[in-house]
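Geometric and topological summary
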Amino acid sequence: MTNSAAISEEGSIVMLNKSIVESKNEITKVYTLPDEEKPIYIACLDDYYFVLSQSGKIYQFCLLSYSLSKSFKIVKEIHKRNFVYLTGSFKHAFAVTDTGRVYGFGSNDHGKLGLGREQWGTDRFKRIKILKDYKIKNAYAGSFHSLFKTEDDSIIGFGWNRYGELFLDINPNDDSVYEPTAAAIDGKATYCTVGDSSTAIFVDCEVPYNSPNQILRDPPFKMPIIPVPEPLEQFSAPPSEEVSTPQSEEVSAPQSEEVSAPQSEEVSAPQSEEVSAP
């Protein structure tokens, strides 16, 4: 389960993770960054939260039971860098500097961190050297693949392409991609979003939002206005008409006509004629 979080208007970080969901007593936890720093991006991994502050620093919060954090701490190995973008999910994360360099953390499963075929990953943020020839503006960390938007608004990526999530000009297959490879898209990429074996790329359109925390308050695009239907009038059932049961007409059985047996005609035997002898 990948964790989630939100940034409040006051700059607090509201966490929602598996332990809170499964607990009957624990409530949602709220944290702030040290030195009154304000967060602008949050990367929610399975075992870590990473936060990018307005001053360009990366902070981390560990969820591992043997090293559970009590507060956000600055990531020391990269604290001298100035970061402008942060992304992460599942088991890995990327942070992008103001000069277009990319630093990665976590698992390299299927080559998604850009560390080649052999290295399992890294537990410290490390420069992703295979991207040194590109100036990266944004990074997008999926479950098993990674995409990057370059300064010329093209998309490159590496990692698993089992379901075509890298948008390559080849049929999806089980092979992983270990080198930055250009996505086969027409036009300039505006924005990209990735997930579990899924990718969506917005091309030649308006950016979904201008800056962090602006999605709901001040979107730069016009939402369609959907008219709200007026409430239905209270429905009352029509008065029920009294239906009278038709009275059963008394049906009298037809009187049986007295049938008289035909009178037998008296049949008289023919009188024998007296015959005189000759």
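Below or above, wherever it landed, is the structure these notes cover. Every chain begins its residue count from 1, and numbering advances along the sequence as written. Residues qualify for local features only when their pLDDT is at least 70, as the model is predicted, and side-chain atom pairs are given and counted only at 80 or more; totals for whole chains, interfaces and linings, by contrast, use all residues. Based on all heavy atoms of the structure, the side-chain values leave hydrogens and waters out of the count.

Details of the overall build of the chain
- Secondary structure is summarised from DSSP: a helix means a run of H or I of at least four residues, a strand means a run of E of at least two, and numbering begins at the N terminus for each. When helices and strands are counted, the chain shows one helix and 17 strands.
- Whether a residue is buried, partly exposed or exposed follows from its accessible area with a 1.4 Å probe, protein chains only, as a fraction of its type maximum: under 20%, in between, or over 50%, in that order. Counting all 278 residues of the chain, 37% fall into the buried class.
- Taking the contacts inside the chain whose residues are at least 6 apart along the sequence as the reference set, 40% of them involve residues at least 24 apart.
- Only the protein chains shown count as covering a residue, and every accessible area follows the Shrake-Rupley method with a 1.4 Å probe. Carbon and sulfur atoms make up 50% of the accessible area of the chain, which totals about 19200 Å². In this analysis, two residues are considered to be in contact whenever any of their non-hydrogen atoms come within 4.5 Å of each other.

Here's the deal with the pattern of salt bridges
- Salt bridge criterion: a side-chain nitrogen from Lys or Arg within 4 Å of a carboxyl oxygen from Asp or Glu. Enumeration over the complete set of coordinates arrives at six salt bridges.
- Between Lys132 and Asp133 there is a salt bridge, with its nearest N and O atoms 3.5 Å apart. Both residues of the pair, Lys132 and Asp133, count as exposed.
- Residue Arg162 pairs with Asp174 through a salt bridge whose shortest N-O separation is 2.7 Å.

Regarding unusual backbone geometry
- Although it is not a glycine, Ser197 adopts a positive phi angle of roughly 60 degrees.
- Position of Ser197 relative to the elements: it lies in the loop between β16 (189–194) and β17 (199–203).
- Since its relative accessible area comes to 17%, Ser197 is described here as buried.
- The phi dihedral of Asp204 is positive, around 50 degrees, even though this residue is not glycine.
- With respect to the secondary-structure elements, Asp204 resides in the segment after β17.

Some points on the nonpolar core
- We define a nonpolar core as any set of buried Ala, Val, Leu, Ile, Met, Phe, Trp, Tyr and Cys residues linked to one another through side-chain atoms lying within 4.5 Å. Counting 44 residues, the largest nonpolar core has Phe50, Ile58, Phe125 and Phe148 as the members making the most contacts within it.
- Excluding residues within four positions of it along the chain, Phe50 makes contact with Tyr41, Ile42, Ala43, Leu45, Ile58, Tyr59, Gln60, Val75, Leu86, Ala93, Phe105 and Phe125.

Let's talk about the sheet that holds strand β2 (residues 13–16)
- Pairing in this open sheet of three strands is antiparallel, and the strands run β1-β2-β3 from one edge to the other. Single-partner strands in this sheet number two, and they are β1 (4–7) and β3 (29–31). Going across the sheet, the axis of each strand differs from the next one's by a mean of 25 degrees, ignoring polarity.
- The sheet contact formed by β1 and β2 spans four bridges and is antiparallel. Across the sheet, the residue bridging to Ser4 is Leu16, located in β2. At least two DSSP bridges between two strands are needed for those strands to be called paired. Only the contacting stretch of a helix is used when fitting its axis, a line to C-alpha atoms as for every element, and angles between N-to-C directions run 0 to 180 degrees.

Focus on the sheet that holds strand β9 (residues 92–97)
- Spatially, eight strands are ordered β7-β6-β5-β4-β8-β9-β10-β11 in an open sheet, and the strand pairing comes out mixed. Of all the strands in the sheet, just β7 (73–74) and β11 (121–127) have a single pairing partner and so form its edges.
- Two elements, strand β4 (residues 39–45) and strand β5 (residues 48–53), share five bridges in a ladder whose sense is antiparallel. Pairing of Ile42 across the sheet is with Val51, part of β5.

Quick notes on the pairing of β9
- Burial within β9 is extensive, with six of its six residues counted as buried.
- Burial along β9 is two-sided: His92, Phe94 and Val96 facing one way and Ala93, Ala95 and Thr97 facing the other are all buried.
- Of the pairings in the sheet, the one linking strand β8 (residues 83–90) to β9 comprises six bridges and is antiparallel in character. Note that in β9 the partner of Tyr85 across the bridge is Val96.
- Taking the residues that link successive antiparallel strands as the turn, the β8-β9 hairpin has one residue.
- Two elements, β9 and strand β10 (residues 102–107), share five bridges in a ladder whose sense is antiparallel. Paired with Ala93 across the strands is Phe105, a residue of β10.
- The loop that links β9 with its antiparallel partner β10 comprises four residues; one of these, Gly100, has a positive phi angle of about 90 degrees.

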